[in-house]
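Single-letter residue listing:
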Amino acid sequence: MNERKYKKIYEKLKCVEDINRISKAYSVNTGAISNILHQKTVRNVRKYHSRIVNKAPALVRSWKRGDTILKLASKNNFPPVLLASIMLKEMGYKSKTVVKNPDVLEDKRLRYELIKAIEVDFCFSPRAHSVQSGQGRMGEDLIHEWLEHCDLEFITESDMSKEPNTKTPDFLLSEPYKVDGIDVRWIESKAVFADEKEHNRYQLKQFSFYEDLYGPGMEQGGYRNMELNDFLKEKGTDEKLSQLIMLFSEQAGVIKEGFLSARGAADTKNVYGETQMALDKWADEVLIDALRESRLVRWIATEEQPDIIEVDGAINQFGVTIDPLDGSSLIDVNLAVGTIVGLYPGHVLEPGNTMVGALYILYGPLTTLTYTTGTGVHEFVMGEDGRFTLMQENLTIPDGKIYAPGALRKDYLPYHKQFIEKLESEGYKLRFSGSFVADVHQILHKGGLFTYPAFAGKDSGKLRLLFEGTPMGKMVVEAGGAISNGRGNLLDVKPSSVSDRTPIYVGGKREIALIESLVKGSGT
Ligand code: AFP
């Protein structure tokens, strides 16, 4: 982004509600825009802080006359939580304690208004603070990973803090490392990129000190990602749909808790006659209970249930399809598994192209949640606090050469054998884990194709249309790829029952066009 554009955006940005509009107007991603708003807010705080402190008695009087904290904050162009803290101090409260726990306030109005201020303040609320410290840690983890990846020797701040001097950068390199022609000796991670003035302040206060001690260094910032809830709001997502997506995100941690306890096979079979894994059943119960309790959906269909459940007293008409734990047979060998969810405006026995969204939660080295509601595919990572923050927005499937072929080669039908041999002749790399969700996640990030075809004796293949095919197909299509049953778009197929199986080809458009032409040419 050039300086002129940056300055224009900086000028125009007033509040969180502006982020989406300005992001569209300047085609700059929302993460960067919210970063600039954060910079501007910090700048305003520096500029007006002492004036607001001096005004504290007058602010408290206005509040007593009926002005709300939010109104006073917007009138003074000052972050609500900071303004509230200054007023609380003026009223004789220990502001830090009260802001951390507003329930200690006996004054109902003050308590209510403080909670409101905390909810909307995206910069100075305790939650914003925990998000930033989480992002700061994430940033340090990323640099740590990068330094190890580059095989560089370094010591961290915590190692250095054992030394007598007080100020230490996050990382000190044993040998200088050339970055843009400069011999970098230290790296500092900043959770949020600062604006020019703020940066000059760091320079004065911190970096010049490191430079004197260690020589040139580097600042790495900009991990300001949004939390799932904020991101959904900012994307203008339908509120009811957002609530539903948030509900699933909140179950991820609960399901993970079962990974250690619910191991091995259960003594029951599902509608397909397959032995259920204890974790399948655990995840299934967790999700159905949460959905029933919330009444956010009317219809629930899961891979572990024989029939579609209708929820009593549902407050919305949504229907959901769930594969509670895809690849559950891999749990015992500690490979990535996931939860797959399809979101329908009503009953679920409808073609995939009627869906209002889809998501999957992948339990791998990281726990990630990827969703679409028709405006791009966005990926979030679960932090230590169990919350999801943005990792990548607007995922698009790249051209790539990974193939994940299900079924046994001996059972391949002729057109499919031809197809696989063609991909292999073009140097596609085989990556098949046994977990559809994990394999398609890889394809979504690296390009190529996943297939579980029709095979000898099984015209409809193995995988489930409703619980596996359409939700992951919706994601891949939204990311610029395609899904097919070999004859046409799988999202056009209307299911006849929850147990429908289907041949699946999902991935890049080129690969899908190739298999569809081979099937057509085979005349079968
Ligand atoms: P489970 O959920 O029963 O482990 O099945 C996984 C799956 O449905 C899908 O995720 C895999 O791609 C496929 O089955 C693996 O099938 P094979 O075991 O026949 O390779």
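Residues numbered from 1 in each chain as written. Predicted model: local features only at pLDDT ≥ 70, side-chain atom pairs only at ≥ 80, totals over all residues. Heavy atoms only, no water.

Any chance you could explain the side chain of S85 here in plain terms?
Tracing the chain through its elements places S85 in helix α5 (residues 80–90). Exposure remark for S85: the relative accessible area of 15% places this residue in the buried category. Polar side-chain contacts of S85 include one of 2.6 Å to the backbone oxygen of V81. Setting aside chain neighbours within four positions, we find S85 in contact with S95 and V99. (Helix = DSSP H or I, 4+ residues; strand = E, 2+ residues; numbered from the N terminus. Buried < 20%, exposed > 50% of the residue type's maximum accessible area, 1.4 Å probe, protein only. Polar contact = N/O pair within 3.5 Å; in protein donor to acceptor, adjacent residues only side chain to side chain. Contact = heavy atoms within 4.5 Å.)

Any chance you could explain the sheet that holds strand β16 (residues 429–430) here in plain terms?
Within a sheet, neighbouring strands are paired by backbone hydrogen bonds and run either parallel or antiparallel to one another. Taken in spatial order, the five strands of this open sheet run β16-β15-β17-β19-β18, and their pairing is mixed. Whereas interior strands pair on both sides, the edge strands pair on one side only; in this sheet they are β16 and β18 (482–484). In terms of strand pairing, strand β17 (residues 448–452) meets strand β19 (residues 504–507) through four bridges, oriented antiparallel. Looking at the pairing, F450 lines up with V506 of β19. Where helix α16 (residues 465–478) meets the sheet, its contacts fall on β18 and β19, and the angle it forms with β18 comes to roughly 150°. (Pairing = 2+ DSSP bridges. Axes fitted to C-alpha atoms, helices over the stretch in contact; angles between N-to-C directions.)

How should I be thinking about the environment of M87 in this particular structure?
Within the fold, M87 resides in helix α5. On the basis of relative accessible area, M87 is assigned to the buried category, the value being 1%. As a C-alpha pair, M87 and R61 span 26 residues in sequence and 9.8 Å in three-dimensional space. If we skip the residues at most four places from it in the chain, M87 touches L59, V60, W63, I69 and L72.

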